[in-house]
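So the chains spell out like this:
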Amino acid sequence: MPSYQLRDTSTRQLLDHDLADFAAAEAALDRIDDQLEHDLAANGEGAGRIRLRLDVEKVTAGITETVGHHVLLLGVDDPTDPRPAL
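In this report, we go over the structure that sits alongside the text.

## Topic: the pattern of salt bridges
Then, in step 1: Tallying each qualifying case throughout the model produces four salt bridges.
Then, in step 2: Glutamate 57 is the salt-bridge partner of arginine 7, the closest N and O atoms lying 3.0 Å from each other. Here arginine 7 is found in strand β1 (residues 3–8), whereas its partner glutamate 57 is found in strand β3 (residues 50–60), with 50 residues between them in sequence.
Then, in step 3: Take glutamate 57: its relative accessible area is 2%, and that puts it in the buried class.
Then, in step 4: A salt bridge links arginine 12 to aspartate 55; the shortest N-O distance between them is 2.9 Å. A residue pair is termed long-range when its members are at least 10 positions apart, and arginine 12 in the loop between β1 and β2 (14–19) and aspartate 55 in strand β3 qualify at 43 residues.

## Things to note about helix α1 (residues 22–42)
Note that an α-helix has 3.6 residues per turn; residues three or four places apart therefore point the same way.
Then, in step 1: Between its terminal C-alpha atoms α1 stretches 30 Å, which fits the 30 Å expected from 21 residues at 1.5 Å a residue.
Then, in step 2: All of the buried residues in α1 are Ala25, Ala28, Leu29, Ile32 and Leu40. Burial along α1 is one-sided: seen end-on, the buried residues are contained in an arc of 105°. Across α1 from its buried face, at more than 90 degrees, point the exposed residues Asp34, His38, Ala41 and Ala42.

## Let's talk about the environment of aspartate 34
Then, in step 1: In this fold, aspartate 34 is placed in helix α1.
Then, in step 2: Note: C-alpha distance between aspartate 34 and leucine 74 (40 residues apart in sequence) is 9.4 Å.

## Remarks on unusual backbone geometry
Then, in step 1: Of note, aspartate 18 is a non-glycine position whose phi angle comes to about 55°, a positive value.
Then, in step 2: Note on placement: aspartate 18 falls in strand β2.
Then, in step 3: Within the chain, alanine 61 stands out as a residue other than glycine whose phi angle is a positive 50°.
Then, in step 4: Mapped onto the elements of the fold, alanine 61 is located in the loop between β3 and β4 (63–74).

Here is what the cut-offs are and how they apply
Residues numbered from 1 in each chain as written. Predicted model: local features only at pLDDT ≥ 70, side-chain atom pairs only at ≥ 80, totals over all residues. Heavy atoms only, no water. Salt bridge = Lys/Arg side-chain N within 4 Å of Asp/Glu carboxyl O. Helix = DSSP H or I, 4+ residues; strand = E, 2+ residues; numbered from the N terminus. Buried < 20%, exposed > 50% of the residue type's maximum accessible area, 1.4 Å probe, protein only. Expected span 1.5 Å × (residues − 1). Arc of directions from axis to C-beta.

Right under this line is the structure:
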């Protein structure tokens, strides 16, 4: 039975593994995105347009195959409201 995992494309660091299916891999990507934004905010840092490319890999009988790519764009679509807070 295949499983899925997520890997940082540039560093080749494994970020998550033993995911049941592609939908679980997509949910893990969302969690990674949320966690990165949370960690940056906790440190008082803005995302500042961080771009990460991640590989979605399928593992079957010990053989790893890249089956998708995902690009996280942190800080790009953060809403900015030009109106002053009330």
